[in-house]
Amino acid sequence: MNSHVLPRHIQRLLARQGNKNISYRTLVSAQFDNRDAWDSRLASPVFSQIKMADYFVSLDKKFSQELRGSAVDVDIFANNVKNETQAEHMEELLYKLRRTPDTLHTLASTHHAAVRSMLDHGTTENLVKMLDDRMNYGIFFDDYSAVLTLDKLLEAGDFHGAARCASQLMLQEEQFEIACALGNLAAWKYFASGREVDWYYPGELEVDENPDEVIRVRVKVLPNNYTDNHFDLRDPDKILGKTLIHFNKNSSDVVGRSLTILGESLYGSTDSVVAKLKSGKEIAGSVLTTLQESADENIAAAAKSAKS
């Protein structure tokens, strides 16, 4: 990762060293993706002898007609994806596997291969949607794949995609050190960019075109209107806010404190934000400036007072 995506406080710290010849390594080196080792898997007879088109037809038949499938077969397919069409077929197989009892036997290597295959041959949009649709795909980051994904998206300047992926770490309450640092950076970069790209992709959420139309449906059980304020969250501000809170809740420095306050503001925790602003502890100027423009009058007033 290049230095332009490092947090400003780290860059300032490095600048204060007074040594013009100082050199440093960023969080992820160019060799982190271990490309040679990853590509070498294809030399195995398990993969090299498979005709992927025929293999997909065979697996699809098992799922669609015989109503059975194998987690091992899907793992082999995911690990052998080499182009965009195969990545699309992999998505379909993961979706169908999720509807069989064998989904319980999904291998850890399937999660890893699915993420890498989407990064190499799919689209960020499809990867994000797949990760966010846990019920239908059941794909989750491991420590390595989270770092790999966030680094690649941050390097490409895709702060929106990176922030969406970072929110998955929050939802799973992961504590991966480097991945969480990159996720924290991704969430801030997306917020600081002005969030010109909407959180959800076009068509990702179903929109009721006739919200006033009353449709009566006979059901055996009344729907449960309970929301857990976690997996049920759909408000982009709350998701981004809770993501920032998760990454900074154990940090007591200026950056962590500031991003926690920003996260709580987005999440709607007015009382906590106001209390922290009145504590007298140092808050980053960029966050105070943002909070002064808050629609919440109490937060705006407290931020102005703190800045003065």
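Residues numbered from 1 in each chain as written. Predicted model: local features only at pLDDT ≥ 70, side-chain atom pairs only at ≥ 80, totals over all residues. Heavy atoms only, no water.

**Re the overall build of the chain**
Right, on to step 1. Secondary structure assignment for the chain yields 17 helices and 0 strands.
Right, on to step 2. A separation threshold of at least 6 residues defines the contact pool for the chain, and within that pool the share at least 24 residues apart is 70%.
Right, on to step 3. When the accessible surface of the chain is split by element, carbon and sulfur atoms take 50% of a total near 17700 Å². (Helix = DSSP H or I, 4+ residues; strand = E, 2+ residues; numbered from the N terminus. Contact = heavy atoms within 4.5 Å. Areas by Shrake-Rupley, 256 points an atom, 1.4 Å probe, with all protein chains shown as cover.)

**Observations concerning the confidence of the model for the chain**
A low pLDDT score tells you not to read the predicted coordinates there in detail.
Right, on to step 1. Residues at a pLDDT of 70 or more form 86% of the chain, whose mean pLDDT is 88.
Right, on to step 2. Below a pLDDT of 50 lies the segment residues 1-25, which in the model reaches 25 contacts outside its immediate sequence neighbourhood of four places, other chains included. (pLDDT = per-residue confidence, 0-100.)

**Description of the packing of helix α4 (residues 52-64) against helix α5 (residues 71-79)**
Right, on to step 1. For the pair α4 and α5, interaxial distance at closest approach is 11 Å and the crossing angle is 150°. One way to sum up the angle between α4 and α5 is to call them roughly antiparallel. As α4 runs across α5, the sense of the crossing is left-handed. Packed against α4, whose contacting residues are Met 52, Tyr 55, Phe 56, Leu 59, Lys 62 and Phe 63, the element α5 presents Asp 73, Val 74, Ile 76 and Phe 77 at the interface. (Axes fitted to C-alpha atoms, helices over the stretch in contact; angles between N-to-C directions. Parallel < 35°, antiparallel > 145°, perpendicular 65-115°, else oblique. Left-handed = near helix turned anticlockwise from the far one by under 90°.)

**Some details on empty space enclosed by the protein**
Right, on to step 1. For the structure shown, the criterion picks out 1 cavity of 30 Å³ or more.
Right, on to step 2. Each pocket or cavity is described by its volume, and for the largest cavity that value is around 40 Å³.
Right, on to step 3. In the lining of the largest cavity, the residues fall into 3 nonpolar, 3 polar and 1 charged. (1 Å grid on protein atoms, 1.4 Å probe; cavity = no way out; pocket = protein on both sides within 12 Å on 5 of 7 lines; lining within 4 Å. Points joined across faces, edges and corners; volume = space filled by probe spheres on them. Nonpolar A, V, L, I, M, F, W, Y, C, P; charged D, E, K, R; others polar.)

**Considering unusual backbone geometry**
Right, on to step 1. The phi torsion at Asn 34 lies on the positive side, around 50°, for a residue other than glycine.
Right, on to step 2. By the secondary structure assignment, Asn 34 is in the loop between α1 (8-15) and α2 (35-40).
Right, on to step 3. Phi at Asn 229 takes a positive value of approximately 55°, unusual for a residue other than glycine.

**Here's the deal with the pattern of salt bridges**
Right, on to step 1. Per the counting criterion, the structure on display carries 13 salt bridges.
Right, on to step 2. Here Asp 33 and Arg 35 are joined by a salt bridge, their closest N and O atoms 3.8 Å apart.
Right, on to step 3. Residue classification places Asp 33 among the partly exposed positions, given a relative accessible area of 22%.
Right, on to step 4. By relative accessible area, which is 28% here, Arg 35 ends up partly exposed.
Right, on to step 5. Arg 35 serves as the salt-bridge partner of Asp 39, at 3.6 Å between the closest nitrogen and oxygen. Of this pair, Asp 39 and Arg 35 both sit in helix α2, separated by 4 residues, roughly a single helical turn.
Right, on to step 6. On the basis of relative accessible area, Asp 39 is assigned to the partly exposed category, the value being 37%. (Salt bridge = Lys/Arg side-chain N within 4 Å of Asp/Glu carboxyl O. Buried < 20%, exposed > 50% of the residue type's maximum accessible area, 1.4 Å probe, protein only.)

**With respect to the side chain of His 246**
Right, on to step 1. Residue position: His 246 is located in helix α13 (residues 236-248).
Right, on to step 2. At 2.8 Å, the side chain of His 246 forms a polar contact with the backbone oxygen of Glu 174.
Right, on to step 3. The contacts of His 246, once residues within four sequence positions are left out, are Leu 169, Met 170, Glu 173, Glu 174 and Gln 175. (Polar contact = N/O pair within 3.5 Å; in protein donor to acceptor, adjacent residues only side chain to side chain.)

**Regarding the packing of aromatic side chains**
Right, on to step 1. One pass over the full model with this rule turns up 6 aromatic pairs.
Right, on to step 2. Taken together, a centroid distance of 5.7 Å and an interplanar angle of 55° make the contact between Tyr 190 and Trp 199 tilted.
Right, on to step 3. An aromatic cluster of at least three residues, connected via ring pairs, comprises Tyr 55, Phe 56 and Phe 77.
Right, on to step 4. The aromatic ring of Trp 38 is capped on one face by Arg 41, whose charged end is 3.9 Å from the ring centroid. (Phe/Tyr/Trp six-rings, centres within 6.5 Å; stacked < 30°, edge-to-face > 60°. Lys NZ or Arg CZ within 6 Å of the ring centre and 35° of its normal.)

**Some thoughts on the nonpolar core**
Right, on to step 1. Grouped together as the largest cluster of nonpolar side chains are 49 residues, with contacts concentrated most on Phe 77, Met 90, Leu 94, Met 130, Ile 139, Leu 150 and Leu 169.
Right, on to step 2. Sorting the residues of this core by element identifies α4, α5, α6 (84-97), α7 (108-121), α8 (124-132), α10 (143-155), α11 (159-171) and α12 (177-192) as the ones contributing at least two each.
Right, on to step 3. Per-element accounting of this core gives the leading share, 6 residues, to α10.
Right, on to step 4. If we skip the residues at most four places from it in the chain, Leu 169 touches Phe 141, Ala 146, Leu 150, Glu 174, Phe 176, Ala 179, Cys 180, His 246 and Phe 247.
Right, on to step 5. In this structure, Leu 233, Ile 239, Leu 240 and Val 273 belong to the second largest nonpolar core, which totals 28 residues. (Core = buried A, V, L, I, M, F, W, Y, C linked by side-chain atoms within 4.5 Å.)

**Here's the deal with the layout of surface pockets**
Right, on to step 1. Taken as a whole, the second largest pocket holds about 450 Å³ of empty space.
Right, on to step 2. Around the second largest pocket, the lining comprises 22 residues; the ones closest to its centre are Asp 132, Asp 133, Glu 204, Leu 205 and Arg 234.
Right, on to step 3. Of all the elements, α11 adds the most residues to the lining of the second largest pocket, at 5 residues.
Right, on to step 4. Class assignment for the residues of the lining of the second largest pocket results in 11 nonpolar, 3 polar and 8 charged.

**Quick word on helix α16 (residues 285-292)**
Right, on to step 1. Of the positions making up α16, those classed as buried are Val 287, Leu 288 and Leu 291. Buried positions in α16, seen along its axis, are confined to an arc of 100° and lie on one side of it.
Right, on to step 2. Residues of α16 that are buried in the fold lie against α14 (254-267), α15 (270-277) and α17 (297-307). (Arc of directions from axis to C-beta.)

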